[in-house]
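Each chain, written out:
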Amino acid sequence: AINPEKEFMFIVVDNIDARPLFDTIIEKGRLFVPGEGFIYMLPVEKGLVNLRATYSNSNQSASVKQIVKAIDELKGSTDWRSKDSSKKDLSINSKRKHLEHLTRVTCILPRGSEDRLISVILDNGAPGASVFYGKECGNQAKELNQGIQLTNEKAIIEMTLSNDIVQPIIEKIKHESDQYKLSNTVIYTHTVDRAFTYIGD
């Protein structure tokens, strides 16, 4: 069954916290149960978050957060932070098979054309696709001579694919966009470091 409504949660964390959090989300979100969801990990090279915590007028050369992060990296984990020195049983997590050799493909196109494109994507081997909506803003948004900005709604289709079908599906998207004259269609990809969902035996 296809549930038309899903919740998306995007989390940005330090590299050292990424894998423990990944496994915790699988456990607490029960993603090992059929139909409960899908999780994937993408690398983030640069970002700008919480400037006040990062920059201050303090005379100290490093913040507490920076010191804790440095210790995490030296120790190789965050285990030293816990008051309980006993090690948790990781046998369940270690037995889980994570998905590898995947690519996240994102396609942005004018709203109203997404159903046709999703059908093509699924017919050509994609296991699934998610779609959400937004409005184009900034220099690319169209304006009338009177200065009134037009609403430029977009559909964003995302899918996680095995590497061997990425290029064929991208070619199908391009062909469909050309055939139906879907102007300003944008396609881009990310390497997926790690992913997990329920897979039947």
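Residues numbered from 1 in each chain as written. Predicted model: local features only at pLDDT ≥ 70, side-chain atom pairs only at ≥ 80, totals over all residues. Heavy atoms only, no water.

Q: Hey, could you go over the sheet that holds strand β5 (residues 186-192) for me, with residue numbers and the actual values?
A: Across the sheet, 4 strands lie side by side as β3-β4-β2-β5; this open sheet has antiparallel pairing. Two strands bound the open sheet, and with one partner strand each, they are β3 (130-135) and β5. Taking the axes of each pair of neighbouring strands and ignoring which way they run, one obtains an average angle of 25° across the sheet. As paired strands, strand β2 (residues 102-110) and β5 are joined by 7 bridges and run antiparallel to one another. When the bridges of β5 are listed, T106 appears paired with Y188. Where helix α5 (residues 114-123) meets the sheet, its contacts fall on β2, β3 and β4 (153-162), and the angle it forms with β4 comes to roughly 10°. On the sheet, helix α6 (residues 163-179) packs against β2, β4 and β5 and is oriented at approximately 150° with respect to β4. (Pairing = 2+ DSSP bridges. Helix = DSSP H or I, 4+ residues; strand = E, 2+ residues; numbered from the N terminus. Axes fitted to C-alpha atoms, helices over the stretch in contact; angles between N-to-C directions. Contact = heavy atoms within 4.5 Å.)

Q: Can you tell me about α6, naming the residues and giving the values?
A: The end-to-end C-alpha distance of α6 is 25 Å, a good match for the 24 Å that 17 residues give at a rise of 1.5 Å each. Looking at the buried residues of α6, the elements they touch are β2, α5, β4 and β5. Directly beyond the C-terminal end of α6, a positive phi value near 50° is found at K181. (Expected span 1.5 Å × (residues − 1).)

Q: Give me the lowdown on unusual backbone geometry, citing residues and values where you can.
A: Although it is not a glycine, R30 sits at a positive phi angle of roughly 55°. Considering the arrangement of structural elements, one finds R30 in the loop between α1 (15-28) and β1 (38-41). Residue classification places R30 among the partly exposed positions, given a relative accessible area of 46%. Residues other than glycine seldom take positive phi values, yet H101 does so here, at roughly 60°. Positionally, H101 belongs in the loop between α4 (91-95) and β2. A relative accessible area of 60% places H101 in the exposed class. (Buried < 20%, exposed > 50% of the residue type's maximum accessible area, 1.4 Å probe, protein only.)

Q: Explain the packing of aromatic side chains to me, using residue names and the numbers behind them.
A: As enumerated under the stated definition, the model contains 3 aromatic pairs in all. Here the aromatic residues F8, F10 and F132 are joined through ring pairs into a cluster of three or more. When the ring centre of Y133 is taken as origin, the NZ or CZ atom of R111, which lies over that ring, is 3.7 Å away. Across the ring face of Y180, the terminal group of R116 is positioned such that the distance to the ring centre comes to 4.0 Å. (Phe/Tyr/Trp six-rings, centres within 6.5 Å; stacked < 30°, edge-to-face > 60°. Lys NZ or Arg CZ within 6 Å of the ring centre and 35° of its normal.)

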